[in-house]
Amino acid sequence: MRRLARFWPFLLLMLLGGALAFSLSVGPVPLGFSELLAILRGDTSDPTGLAVVYRIRLPRSLLAALVGAALSVAGAAFQAVLRNPLADPYILGVSGGAALGAVTAIWLGFAAALLLPVAAFVGALFALLLVYWVARAHRGSSHTLILCGVIVGSLASALLLFLLWLSPADQTRAAIFWLTGNLAFADYRLLQWIAPLVLVAFLILWSASRSLDLFTQGEETAADLGLAVGRARLLVLVAAGAMTAAVVAMAGLIGFVGLTVPHIVRLLLGPAHHRLLPASALAGATFLVLADALSRQLYAPAEIPVGVVTALLGAPFFLYLLRAQRTLP
Amino acid sequence: MIRVEGLQFAYGSRPILQGISLEVVPGEILTVLGPNGCGKSTLLKLLRGVLTPAAGSVRWQQSELHRLARREVARRIAVVAQTAEVGFAYTVRELVAMGRYAGQPLFGALTPADRSLIDTVLQTTDVRHLADRPVTALSGGELQRVMLARALAQQTPLLLLDEATSHLDLIHRLSITELLLHLNREKATTIVQVSHDFELAAEMSDRLLLLAGDGRVAALGPPAEVLTPAHLHAVYGVEAEVDRNPHSGALRVYPLRPAREDGSSPAAGKVSRK
C-alpha cells in the first residue's frame, strides 16, 4: 500500500475532480458530462443549466468539499494530539457548543441566514475554551481534555434538550434539521468567510506536522524529543477547533467524516502528518461531495440526511480496511 | 556535566527524593539502583528538567534544567524509556527521524546531513534492514533498538536510560548493553541509567548510585564499594552475600533471605540456598 506514497496527490485530485463533476451533474435537472463541460467553460446560453450549476449545485458542492476537508483534517489533528484513535473533531465539546449556540439562536427567533452560523461558531469556540481552561488545571493531559470535553458536551446537550422542550414544534423541526447536519444552506457569502479561515487553520496545522508526529509518541516522549508540549497543543487545539467550529456553523453536525477519513488515509499512506493532513483534506472533500450527491439522488426529490450517507458509505469500507490490514492504524 | 545540589522532590505531600547531591561526570556510566518506588525514574525526570525540584537545583553548567527550553534540553540529553508507545504505524526510518526535531529549524525539512546521520544510527543499532517496516510490526528487542537509534539521532553528549532493557530477554539485553559500552568508549557518550540488574550494572558502570526507600542516597561510588552486604541489608532489607566470579572477577550478588528486625532468619530452611 505504501507504493501509493508517490502518486497520492495526483490520484486524490483526480478523485476529487470526478466527485465534483458527478455532484454537479446529478439532481432534478440531470446534466450530461458534455453539457456540464460546456457550462463550466462558458460555451452555453442555456439559462437553466447556468443557474442550476452556479446558483444551486456549485456552492453546495464547494461547501461539501470544504466541510469534508476541514472535518477530516481536524479529526487527524485531534487523534494525534489526544493520542486517541476514537477522537473526532467533536470530541472536545465543539459539537455540543455549536449546537447549543445554533439552537439558542433559533429559539430566540434569529433564524435569519447569517446569525445562525455566527451563533454556532461562538458556541463552539466557547465550549472549546471552557474545556481547555478546565483541563489546564491538570496540565492539559489528553485524558483530562477528553473527560472535560465529554462533560461539557453533556452539559450542552442537556441545555439543548431543555431549549427544544421549551420551543414550539416548528422551531424544533428547524433545530433538528440543523442538528442532523445538512448542506442545503450553501451560500457564496458564507463560503467567502469560512474558506479563508479553514485554509489558514489548515496551513497552521500543516506547518505543525512534525509537532503532531511527536505528539503521537506520548507527551513525555514528545517533550524529551524537544517539543514545547503546552504551546504546541494549544496551537493545534485552537486551529483544529476553529476549523471545526467554522464548518459546523455552516453545515450542522455531520458525523463520521472526521473520525473515519483520517484512519483510512493513515492505513493507505502511513501516519506521517506532512502527508496525512493534505491527503485527508482531499479525501475528506471527495468523500463528502460524493455522500452529498448520493443523499440528493437516491430518493430524489427527497433528500436523505447526509450524515446517514456518510456512515453508510464509510463504515463498511473502514471495516474492510481494518480486516484486510490486520493492524490498527 | 549535570550538577545536582540538595535536591528535594515530592508528589503532593509524599516526599520522593530527599537531599540528593551528585555530579554526573562527562564520559562516565552511572547506574541508579534502588527498591521499587524509591524515586529512580523521578530522579531521571529531574535530571532532564521534565519535573521541577521542590528544593535544591539540577543544573547543566549554569542553567537550571527545568527552565531550559525543551529544544535546548533535547540537544543535550536523549532518553530511552522502558516501554514505547507505538499506536501509530510510522516506519522505523520516520520514527528515528523524529530524533532530529530539536536539531532542525522549526519549519525546516530533513537535510542530506540529517539523512546520512539517520542511516548511520540505523546501522549502529543494527536495525537498518528494518528501516521501511512499520514500528507496529517489530518485536520488543527490535523496538528498543529503534528507540535507542532515535535517541542517538539526537546526537547528545548525555544518554538517559530508564530501565531500557529490563523487559527484554537475555540476548537482547546483552546486545544493547554491548552497544552502550561501545558508544561510551568510542564516542565518549555519558550514560545515566536506571536498572534492577545488580550484576550487569556492576559490570558496565563506572559508578553506582544506590537510593534508599525513603529517597535518600544510600551509597554512591565504584560498584565494589556500593554493592556490599551492609548496603543491601540497609536498602532492600535482605541478607545477601557478595563475591567475585573467580574467572572474570565480576561482582556477584546472592540475595539469601529477607532480613528480620532482630537479625534472625525467618523460615530459613525454605528460602536459603545451599
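Small disclaimer: the values here were computed from a predicted structure and weren't measured. (Residues numbered from 1 in each chain as written. Chains lettered and ligands numbered in written order. Predicted model: local features only at pLDDT ≥ 70, side-chain atom pairs only at ≥ 80, totals over all residues.)

Student: Tell me about the overall build of chain A, and please be specific about residues and values.
Tutor: Along chain A, the regular secondary structure elements total 14 helices and 0 strands. Beginning at the N terminus, the succession of helices and strands in chain A can be written as α-α-α-α-α-α-α-α-α-α-α-α-α-α. Whereas a compact globule of 329 residues would reach a radius of gyration of roughly 20 Å, chain A reaches 20 Å, a difference of no more than 12%. Split into buried and exposed, the 329 residues of chain A put 50% on the buried side. (Helix = DSSP H or I, 4+ residues; strand = E, 2+ residues; numbered from the N terminus. Rg over C-alpha atoms; globule rule 2.2 N^0.38 Å. Buried ≥ 20, exposed ≤ 12 C-beta atoms within 10 Å, placed from the backbone.)

Student: Quick one: what's the story with the interface of chain B and chain A, residue by residue and with numbers?
Tutor: Tallying the contact residues gives 21 residues for chain B and 21 residues for chain A. For the side of chain B that touches chain A, the element with the most residues is helix H2 (residues 70-76) of chain B, which contributes 3 residues. Residues that form the side of chain B that touches chain A fall into these classes: 12 nonpolar, 4 polar and 5 charged. (Contact = placed C-beta atoms within 7 Å. Nonpolar A, V, L, I, M, F, W, Y, C, P; charged D, E, K, R; others polar.)

Student: Describe the sheet that holds strand S4 (residues 55-60) of chain B, listing the residues and the values that go with them.
Tutor: Residues and elements named next belong to chain B. An order of S2-S1-S4-S5 is seen for the 4 strands of this open sheet, with the pairing classed as antiparallel. Two strands in the sheet have a free side with no partner beyond their single neighbour: strand S2 (14-24) and strand S5 (63-64). Of the pairings in the sheet, the one linking strand S1 (residues 2-11) to S2 comprises 7 bridges and is antiparallel in character. From the neighbouring strand, alanine 10 faces S2, where its bridge partner is proline 15. (Pairing = 2+ DSSP bridges.)

Student: An account of the sheet that holds strand S6 (residues 77-80) of chain B is needed here, citing residue identities and associated values.
Tutor: All names here are of chain B. With mixed pairing, the 6 strands of this open sheet are ordered in space as S6-S7-S8-S3-S9-S10. The sheet terminates laterally at S6 and strand S10 (217-221), the two strands that pair on one side only. Strand-to-strand, the axes of this sheet are offset by a mean angle of 15 degrees, without reference to chain direction. (Axes fitted to C-alpha atoms, helices over the stretch in contact; angles between N-to-C directions.)

Student: Run through the confidence of the model for chain B, naming residues and quoting values.
Tutor: Residues and elements named next belong to chain B. Chain-level pLDDT for chain B is 89 on average; 95% of the residues reach the 70-or-more range. Below pLDDT 50 for its whole length, residues 264-274 participates in 10 contacts with residues either more than four positions away or in separate chains. The ipTM, which scores confidence in the relative placement of chains, is 0.89 for this predicted complex, and the corresponding pTM is 0.88. (pLDDT = per-residue confidence, 0-100.)

Student: Run through unusual backbone geometry, naming residues and quoting values.
Tutor: In terms of backbone geometry, most residues other than glycine have negative phi values and most peptide bonds are trans. The residue arginine 83 of chain A is not glycine, and still its phi comes out positive at about 50 degrees. Locating arginine 83 of chain A in the fold gives a position in the loop between helix H3 (47-81) and helix H4 (94-107). The backbone of aspartate 126 of chain B sits at a positive phi, close to 60 degrees, despite the residue not being glycine. As for its position among the elements, aspartate 126 of chain B is in the loop between helix H4 (112-124) and helix H5 (140-153). Owing to 14 C-beta atoms within 10 Å, aspartate 126 of chain B belongs among the partly exposed residues under this scheme.

Student: Could you give an account of the environment of valine 261 of chain A, with specific residues and numbers?
Tutor: Residues and elements named next belong to chain A. One can find valine 261 in helix H12 (residues 257-269). In this structure the C-alpha to C-alpha distance between valine 261 and alanine 281, which are 20 residues apart in sequence, comes to 8.9 Å. Setting aside its immediate chain neighbours within four residues, valine 261 contacts Ser72, Gly75, Ser280, Ala283, Gly284 and Phe287.

Student: Outline helix H1 (residues 40-47) of chain B, supporting the account with residue identities and numerical values.
Tutor: Residues and elements named next belong to chain B. Among the 8 residues in H1, 6 count as buried, and that is most of the element. Of all the residues in H1, the buried ones are Lys40, Leu43, Leu44, Lys45, Leu46 and Leu47. A positive backbone phi angle near 75 degrees is found at glycine 49, which sits one or two residues after H1.

Student: Break down the confidence of the model for chain A for me, with residues and values.
Tutor: Any residue range with low pLDDT should be treated as having predicted coordinates unsuitable for detailed reading. Of the residues in chain A, 95% have a pLDDT of 70 or more, and the chain-wide mean is 86. Element-level pLDDT for chain A is lowest in helix H7 (residues 169-179) of chain A, with a mean of 76, against a maximum mean of 95 in helix H9 (residues 209-215) of chain A.

Student: Now, about the packing of helix H1 (residues 8-25) of chain A against H3 of chain A: what can you tell me, with residues and values included?
Tutor: Residue and element names in this part refer to chain A. H3 packs onto H1 with a crossing angle of 140 degrees between their chain directions and a minimal axis gap of 9 Å. The handedness of the crossing between H1 and H3 is right-handed. Note on element contacts: H3 touches H1 through Val53, Arg57, Leu58, Ser61 and Ala65, opposite Leu20, Ser23 and Leu24. (Left-handed = near helix turned anticlockwise from the far one by under 90°.)

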